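Results of the structural survey
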Amino acid sequence: MKKLYNDFFRLAKTNGNWKYLLLLIIFAVATPALAQVRTISGTVTDEKNESLPGVTVSAKSGGSTLTDVEGKFTIRVSGPAEVLRITMLSFVEQTITVGNNTNIAVTLQPDLKQLKDVVVIGYGTSSKKDLTGSITTVKADEFNVGVITTPAQLLQGKVAGLNVTKSGDPNQQPTVLLRGPSTLRTGAQTPFYVIDGVPGANIDILAPADIESIDVAKDASATAIYGSRAANGVIFVTTRRSKVGQNRLTYSAYAATEAVSKHIDMLSGNELRDYLKSNGQTLVPLLNDDGSNTNWQDLALRRSYSQNHNLSYGGATSNAEFGVSVNYLKNNGILKNTSLERTILKGYINQRFFDNHLKLNLTLTNSQSKNNDVPQAQILPGILFYLPTVSPFNADGTYKENYGRTGSGTLNPLSLIDNNFTKTERNLSLINGSVQVDILRGLKFTVNGSLQREQSNVNQYFNSASGLAVNFGGRASRNSNVDKNTVVEGFFNYDREFGSHSIKLLAGHSYQQNRINDGFGVATQTFSNDNLTYFNLSLSNPTSLSQVPFGTSTISTLRILSYYGRAQYQYKKRYLFQASLREDGSSAFGVNNRWGLFPAVSGAWQIIEEDFMKKLTAVSDLKLRVGYGVSGNSEGFNAFTSILVFGNNSKFLYNGNITNALGPVRNDAANLKWESTATTNFGLDFGFLKDRITGSVDYYIKKTSDLIANYNVSTTQYYFNTIDANVGDIKNSGIELVLNAKAVSGKNFKWSTSINLAHNKNVVEKLSNEIYTLNFLQTSQLGGKGQSGNYSQIIQPGSPIGTFNLWHYLGKNEKGVSTYQKADGSVTAAQPLTTDQMVAGNAQPKLVYGFSNTFNYKNFDLNFLVRGVLGNKILNATLANLNNPVDSKIQNIPRFTLGESYNDINGYLISDRFLESGSYLRLDNATLGYSIKPKVKSIKNIRLYVSGNNLFVITKYKGIDPEINIGGDTPGVDNNNFYPKTRTFIFGVNASF
């Protein structure tokens, strides 16, 4: 070799031609290497042998590409030793050595754990195994099926500790309660919604088909990052986004028919006549009996038909995602002239620049709805009370009325439906965008901005034949209001791993402004005819200014400033720690307490990662969690809550003119602050047999202090006789259990099942302090014959919210008259005093549960959901009011009353006789589907399904339905106003192209 080198250099020196020799050497060396570089091709498919577009294929030596719509790719490789890395979100990564292959076929398997592992935690995401708080995730394929008017219904029976109740009214919002009531203020118990990172967004702006997943954060260690608005829990909603390389068109639709699932069994006309005759009584023939047998429930209620259509298109490239969708829903209510019609449009675009270092996102959503309603407060009791011996119409076709009739339900229900209406048009829009910049490795800065605008136009008309506006010549009202919610946030995220250590840091600032009730309202009366209804109020002819009242809504602007931070730390993926702190300042509260701190700390031990667990092969997951945090509740407050307010409280005559008198209507409350909820949570997550069986157990103590209530004060010290103050305490404690199992996992047959159980104990601990005294608070003023001043519930220390305070029924005496126990223990057959009322149970359930099952056999799928509650009480005030045998000459009675003595003058009194068990078990949904996969590339999948909702319910409750509203400060009361629940049957189709 040495001789060769010497000869080579001698030759070069002799010839003097270095350049040519050098090129010759380079060519000789490079030729073998260039011979190794070549282009290969391949195809990537999923486990079902369907092409996968958008898969990233990268070579170890450098260079990468994406698969096309048919899953094909080409890439240059350095030689047989080249290694290709094939990756795609939600699939298990593969690495392949090229060898001498020129065409490679790759099959990616879905990463089932990853598909269910990503959880939204607020200003970021986390894997489920890294959670230290109590968060439940519900994916789109687990959502409830039915005529869904609001996304909250998707979660009924799906989340332990979350109780969602809704009547059959298409225009009514559901009651959503998480881990028990923790405030005394009506409307302040709803969880805080975050949609795609937008805090406080209105959940009703979304079509259910646009939702990818919902994460429910329960304990304060998970919710405190949202501070003063998170005491009732936080619900994170993630909408659908296109995946890289996919262009997909989807269409889903259903048609549904609904009918009343249960009627109250009232007497027919003939049965009422026979009952009166047997007791020596008669109806007044001309006024109350025209020989008819009218079933008012059948006349007022109907079988309704609904439809829903959702069309969406989305696509994505390596640098952008985009999509647009439109949803149309028409839900006709079972009460005539009630309906909801809604159209939702949504579009988004996400763009990445500079090798993904800059990300821009923009989303536009608009929801337009039209609600038709009738005066339900009069119609729903009217269809029960109104005499069945009277026909709806006079001989000339006009509605038959007797305005001189006394008793309950004195107006013709069908006339109320046809001669009165309320039309509401609601336009809800949300514009939200974000800019994210990758500054350094692991360090990102994000700016989010959103504007939510809601305009509501409420128009009402009672025509000249209306029994609610007799001799008014028509009465019209129009109200229009605009609410705007603006949010701007900026925050830093820093995520790094250092060997066995991992840290995630968050720091941010938020500004929010809510401007509400920007609008007007006016009412007037006396029109020459009913043709224009409310459209031209100038054609009215009121005889005085007092007949033209103006709306009382007040414009207010509320601002919230926030600073927040969070630190997460892991060591060897075994020991996890998280701490967060948020400081909120709100203009709604007193000048002395406008700022509040909301800290949280939590930790977890991944026991499964310990060496001693390796021998326990049956255990696949085991994690212990513990957390403590404080969050606040600022729901239901406006800019004037804590300041001295003057308003119009009377009128007086001044110089011959009627003048408004201004006076104080609210006191200054300089010390008013947030209600504060501190939650301690202990949790255990577990899995067995390679996660064939998984679940969790959580025990929590949730204590709310500084409850806000209205207290009486002396007008010698204050301008007004009441003041809002922070005084009381409420405690909720409970346990939640979730079990999931893949019972069967065969090639053609699969069966998965899930059950969730939740027990909560609620107690009011105090209502008074050294300044303000409130021994008890009476609620639920139900009215009724001779009972207008009575309250049926009481809030007092030592008892839960929803405690019933009623007369104690002792049975009937020898004359058949109901008797009651007085406070001194004696018995009376007369109407007792309010001081004779006593505690008689409560409306809080002892157990809330849900049980779901999914079966798959080849192309068939079947799933059903059973849910219910145990241990709660319902006050059936509807039955009490109907049970009035003495008044059966002027109003109808239920079949229940046939067993009563006609002499029972107390039968209608609201007592614990009508306090019934509210426990029930409901087959809430059953769905059977069949999937078709045509051998056509342009059609990916078509699924046809039939579904039934509210198929049966097992209960001892005598009312229409035991699923009574459990929210607010008067839960568990059925009082002549319950819109009947429906039984629904659906046929639907889902198609993707």
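Throughout what follows, the structure given in this document is the object of discussion.

Rules and cut-offs
Here, residues in each chain are numbered from 1, in the same order as that chain's written sequence. In keeping with the model being predicted, local features are shown solely for residues with a pLDDT of at least 70 and side-chain atom pairs are shown and tallied solely at 80 or more, while totals for entire chains, interfaces and linings include all residues. Side-chain metrics rest on all non-hydrogen atoms present in the structure, leaving aside hydrogens and water. If DSSP finds at least two bridges between two strands, the strands pair. Secondary structure is summarised from DSSP: a helix means a run of H or I of at least four residues, a strand means a run of E of at least two, and numbering begins at the N terminus for each. Each polar contact in these results corresponds to two N or O atoms within 3.5 Å; when the atoms are within protein, one needs to be able to donate a hydrogen and the other to accept it, and residues that are neighboring in sequence are counted only if both atoms are side-chain atoms. Here, residues are in contact when the closest pair of their heavy atoms is within 4.5 Å. We call a residue buried when its accessible area falls under 20% of the maximum for its residue type, exposed when it is over 50%, and partly exposed in between, using a 1.4 Å probe and counting protein chains only. Only the contacting stretch of a helix is used when fitting its axis, a line to C-alpha atoms as for every element, and angles between N-to-C directions run 0 to 180 degrees. Like charges within 9 Å and nonpolar side chains (Val, Leu, Ile, Met, Phe, Trp, Tyr) within 5 Å are joined into patches, using only residues over 30% in relative accessible area that form no salt bridge. The Shrake-Rupley method, run with a 1.4 Å probe sphere, supplies the accessible areas, and residue values consider only the shown protein chains as cover. In what follows, salt bridge is the name for a side-chain nitrogen of Lys or Arg lying within 4 Å of a carboxyl oxygen of Asp or Glu. Note on aromatic contacts: the rings of Phe and Tyr and the six-membered ring of Trp form a pair at centre separations within 6.5 Å, being stacked when their planes are under 30 degrees apart, edge-to-face when over 60 apart, and tilted otherwise.

1. With respect to the sheet that holds strand β39 (residues 808-812)
Within the open sheet, the 3 strands sit side by side as β39-β40-β41. Their pairing is antiparallel. Lying at the two open borders of the sheet, with one neighbouring strand each, are β39 and β41 (827-828). Relative to β41, strand β40 (residues 818-821) is paired through 2 bridges, and the arrangement is antiparallel. Note that in β41 the partner of Tyr-820 across the bridge is Thr-828.

2. Thoughts on the pairing of strand β35 (residues 749-766)
Pairing between strand β34 (residues 722-745) and β35: 16 bridges, direction antiparallel. For Ser-733, the partnering residue across the bridge sits in β35 and is Lys-761. Where β34 folds back on β35, the antiparallel hairpin that results is connected by 3 residues. Bridge analysis of β35 against strand β43 (residues 847-857) gives 10 bridges, and the strand direction is antiparallel. Looking at the pairing, Leu-757 lines up with Tyr-849 of β43.

3. What to know about the side chain of Lys-623
Structurally, the position occupied by Lys-623 is in strand β29 (residues 619-633). Within the structure, Lys-623 has its side chain in polar contact with the backbone oxygen of Lys-128 (distance 3.1 Å). Of note is the side chain of Lys-623, whose polar atom sits 3.1 Å from the backbone oxygen of Lys-129. Excluding residues within four positions of it along the chain, Lys-623 makes contact with Lys-128, Lys-129, Asp-130, Leu-131, Ala-604, Trp-605, Gln-606, Ile-607, Gly-683, Leu-684 and Asp-685.

4. Structural notes on the side chain of Ser-312
Mapped onto the secondary structure, Ser-312 falls in strand β18 (residues 304-316). With relative accessibility at 18%, the residue Ser-312 sits in the buried group. For Ser-312, the residues in contact, after removing those within four places along its chain, are Arg-248, Leu-249, Thr-250, Val-324 and Ser-325.

5. Digging into the sheet that holds strand β3 (residues 64-66)
One open sheet accounts for 4 strands, arranged β3-β2-β5-β6; its pairing is antiparallel. Each end of this open sheet is capped by a strand with a single partner; those strands are β3 and β6 (94-97). Between one strand axis and the next, the sheet turns through 20° on average, direction left out of account.

6. Examining a nonpolar patch on the surface
Taken together, the side chains of Val-744, Phe-749, Trp-751, Tyr-857, Phe-860, Leu-862, Leu-928, Tyr-930, Ile-932, Leu-944, Val-946 and Phe-987 define a hydrophobic patch exposed on the protein surface, amounting to about 1000 Å² of accessible area. Among the secondary structure elements, those contributing two or more residues to the nonpolar patch are β35, β44 (860-870), β47 (920-932) and β48 (941-955). Sorting elements by how many residues they give to the nonpolar patch places β47 first, with 3 residues. Inspection of the secondary structure assignment puts Tyr-930 in strand β47.

7. Section: the packing of aromatic side chains
On inspection of all chains with the given rule, the structure shows 28 aromatic pairs. With a centroid separation of 4.5 Å and an interplanar angle of 40°, the aromatic rings of Phe-445 and Phe-492 are classed as tilted. Note that Phe-445 is positioned in strand β23 (residues 443-462) and Phe-492 in strand β24 (residues 475-498), a separation of 47 residues in sequence. Using a relative accessible area of 26% as the deciding quantity, one classes Phe-445 as partly exposed. Phe-492 gets classed as partly exposed once you look at its relative accessible area, which sits at 39%. Aromatic side chains Tyr-711 and Tyr-772 sit 5.5 Å apart centroid to centroid with 40° between the ring planes, which places their arrangement in the tilted category.

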